[in-house]
Amino acid sequence: MFTTALAQRDKTQSGEVPLDLFAAIESLKKELNAVILAHYYQEPDIQDIADFIGDSLQLAKVAARTNADAIVFAGVHFMAETAKILNPHKIVLLPDLNAGCSLADTCPPKEFAAFKAAHPNHVVVSYINCSAEIKAMSDIICTSSNAVKIVQQIPEDQPIIFAPDRNLGRYVMEKTGRDLILWQGSCIVHETFSEKKIVQLKIAHPEAEAIAHPECETSILRHASFIGSTAALLKYCQESPIKEFIVATEPGIIHQMQKVAPYKRFIPAPPLNNCACNECPFMRLNTLEKLYWAMKNRTPEITMSEDIRLSALQPIQRMLEISA
Ligand code: 13P
Ligand code: SF4
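Residues numbered from 1 in each chain as written. Chains lettered and ligands numbered in written order. Predicted model: local features only at pLDDT ≥ 70, side-chain atom pairs only at ≥ 80, totals over all residues. Heavy atoms only, no water.

A. Just the site of ligand 2, in detail. By nearness alone, every residue bordering ligand 2 is listed as Tyr41, Val76, Cys101, Ser102, Asn129, Cys187, Val189, His190, Glu215, Cys280, Phe282 and Met283. Within the shell around ligand 2, the residues separate by chemical class into eight nonpolar, three polar and one charged. (Near = heavy atom within 4 Å. Nonpolar A, V, L, I, M, F, W, Y, C, P; charged D, E, K, R; others polar.)

If you want it as structure tokens, here you go:
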């Protein structure tokens, strides 16, 4: 798929780029009757041109109710795929088809089918960060915003498989007291943070609070005063009287944090190595230019088989009903 995607981009994403990309995108939006959805981990320019910015749950909800003819999804593949599952008759564009997800990649359908078969009578709760094939094998989908609530609604005597993120799964186990069978997947971005450097930062900034996404490892979460989805982290920073935060998630969210609380200080939690590996390499594949080309050429478009779509739709709808 990725080689095809690269070839596709080479052919269609070249040529003269308008000087005012923002104006060109606005005009294409009207032409296509499109809505632009962006995740908090997108680069600031993309966040600024989006009609809606949100975490995975908020974006899925907006995708489920939009009247637009086209959805331009500035996020990663599984998010655009979810939008397509909910909107089979709309065109769903992803600026760069290579924008995958390391966590979704840790859960290949064939291996997961065998894992599921080895645990009969288990309900499968899957984190939305997975492929349509995994969703199709699941009973209910969750996001980092509602995972605890969704597990709590399942009868206590019902055994549960939780996939694919072991860190979120462990966090849910702790919060619910439930014993979940965890698929051992994880996100390269949320496992990159250095506990030692976070502790050093807390010593250097005694007034600062560490906050973290539940995809982080326990060694990071134990230093956090607040744990939540990207939207929950944003809300917490805005409402808290604290003025300084060490933010253990992808630093794209800091653009919105700085907007809602310009007088506060947000320090990105440092990675283990001296690299920019706390930035999601998949999310960051999307650029304003690629977004422009995707809208101009109406490609790359998300497509899938109707069989998979219908099977994946049910567990997503169950989640949306519970999270309405
Ligand atoms: P949320 O959007 O649920 O905060 O998850 C973050 C993430 O890693 C998305 O890929
Ligand atoms: Fe996937 Fe992690 Fe990137 Fe989110 S931050 S899209 S979980 S690789």
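And the narrative resumes.
B. Seen up close, the packing of helix α4 (residues 56-65) against helix α5 (residues 77-86). At a closest axis distance of 9 Å, the pairing of α4 and α5 adopts a crossing angle of 30°. One way to sum up the angle between α4 and α5 is to call them roughly parallel. Like other packed secondary-structure pairs, α4 and α5 cross with a definite hand, here right-handed. On α5, the residues that touch Ser56, Ala60, Ala63 and Ala64 of α4 are Met79, Thr82, Ala83 and Leu86. Tallied by class, the residues present in the contact of α4 with α5 amount to six nonpolar, two polar and no charged. (Axes fitted to C-alpha atoms, helices over the stretch in contact; angles between N-to-C directions. Helix = DSSP H or I, 4+ residues; strand = E, 2+ residues; numbered from the N terminus. Parallel < 35°, antiparallel > 145°, perpendicular 65-115°, else oblique. Left-handed = near helix turned anticlockwise from the far one by under 90°. Contact = heavy atoms within 4.5 Å.)

C. Structural detail: the site of ligand 1. Inspection of the region around ligand 1 gives 14 residues, with His39, Ser56, Ser144, His213 and Thr230 positioned closest. Ser56 has a polar side-chain atom sitting 2.8 Å from an oxygen atom of ligand 1. Thr230 has a polar side-chain atom sitting 2.8 Å from an oxygen atom of ligand 1. Compared with its free state, where it exposes 300 Å², ligand 1 has 96% of that area covered by protein. Given that more than half its atoms are within 2 Å of the pocket grid, ligand 1 belongs to the largest cavity. (Polar contact = N/O pair within 3.5 Å; in protein donor to acceptor, adjacent residues only side chain to side chain. Areas by Shrake-Rupley, 256 points an atom, 1.4 Å probe, with all protein chains shown as cover. 1 Å grid on protein atoms, 1.4 Å probe; cavity = no way out; pocket = protein on both sides within 12 Å on 5 of 7 lines; lining within 4 Å. Sits in = over half its atoms within 2 Å of the grid points.)

D. Broad picture of helix α15 (residues 288-297). Across the 10 residues that make up α15, a large majority, seven, are buried. Turning to α15, its buried residues are Leu288, Lys290, Leu291, Tyr292, Trp293, Ala294 and Met295. (Buried < 20%, exposed > 50% of the residue type's maximum accessible area, 1.4 Å probe, protein only.)

E. Here's a closer look at the environment of Glu250. Here Glu250 is to be found in the loop between β11 (244-248) and α14 (254-260). Residue classification places Glu250 among the buried positions, given a relative accessible area of 0%. Excluding anything up to four places from it in sequence, Glu250 contacts Tyr41, Val189, His190, Asn278, Glu279, Cys280 and Arg284. A distance of 2.6 Å separates a polar side-chain atom of Glu250 from the backbone nitrogen of Gly252. There is a polar contact of 2.7 Å between the side chain of Glu250 and the backbone nitrogen of Cys280.

F. Spotlight on the nonpolar core. If you look at the biggest cluster of nonpolar residues, it comprises 69 residues, and the most contacted ones within it are Leu37, Ile71, Phe73, Val125, Phe162 and Met319. Among the elements that make up this core, the one with the highest residue count is α5 (six residues). The contacts of Leu37, once residues within four sequence positions are left out, are Phe52, Leu59, Val62, Ala63, Ile71, Val72, Phe73 and Ala74. Ranked by size, the runner-up nonpolar core spans 20 residues in total, among them Leu32, Ala38, Ala74 and Leu93. (Core = buried A, V, L, I, M, F, W, Y, C linked by side-chain atoms within 4.5 Å.)

G. Looking closely at the packing of α5 against helix α16 (residues 306-322). Look at α5 against α16: their axes get within 9 Å of each other, and the N-to-C directions meet at 95°. Between α5 and α16, the crossing angle belongs to the class labelled roughly perpendicular. Note on element contacts: α16 touches α5 through Arg309, Ala312, Leu313, Ile316 and Leu320, opposite Thr82, Lys84, Ile85 and Leu86. Its residues assigned to classes, the contact of α5 with α16 comprises six nonpolar, one polar and two charged.

H. Fine view of the sheet that holds strand β6 (residues 140-142). The strand order β6-β5-β7-β8 describes an open sheet built from four strands, whose pairing is parallel. In this open sheet, the two edge strands, each paired with only one partner strand, are β6 and β8 (180-182). Geometrically, the sheet is characterised by an average inter-axis angle of 30° between neighbouring strands, direction not taken into account. In this sheet, β6 lies alongside strand β5 (residues 123-127) in parallel orientation, the contact comprising three bridges. Paired with Ser126 across the strands is Ile141, a residue of β6. (Pairing = 2+ DSSP bridges.)

I. Broad picture of the pattern of salt bridges. Under the definition given, this model contains 11 salt bridges. Close ionic contact of Glu191 with Arg166 constitutes a salt bridge, the shortest N to O distance being 3.1 Å. Of this pair, Glu191 sits in the loop between β8 and α11 (195-204) while Arg166 sits in helix α10 (residues 166-176), placing them 25 residues apart in sequence. Arg265 is the partner of Glu244 in a salt bridge, and the nearest nitrogen-oxygen pair spans 3.4 Å. Placement of the pair is Glu244 in strand β11 and Arg265 in strand β12 (residues 265-268), with a sequence separation of 21 residues. (Salt bridge = Lys/Arg side-chain N within 4 Å of Asp/Glu carboxyl O.)

J. Geometry of empty space enclosed by the protein. Taken as a whole and judged by the stated rule, the model has three cavities of 30 Å³ or more. Empty space within the largest cavity amounts to approximately 220 Å³. Contributing to the lining of the largest cavity are 24 residues, with Tyr41, Asn129, His190, Glu215 and Met283 lying nearest its centre. Sorting the residues of the lining of the largest cavity by element identifies α5 and α6 (102-105) as the ones contributing at least two each. Considering only residue class, the lining of the largest cavity consists of 13 nonpolar, nine polar and two charged. One number sums up the size of the second largest cavity: a volume of about 50 Å³. (Points joined across faces, edges and corners; volume = space filled by probe spheres on them.)

These figures come from the coordinates and say nothing about function on their own.
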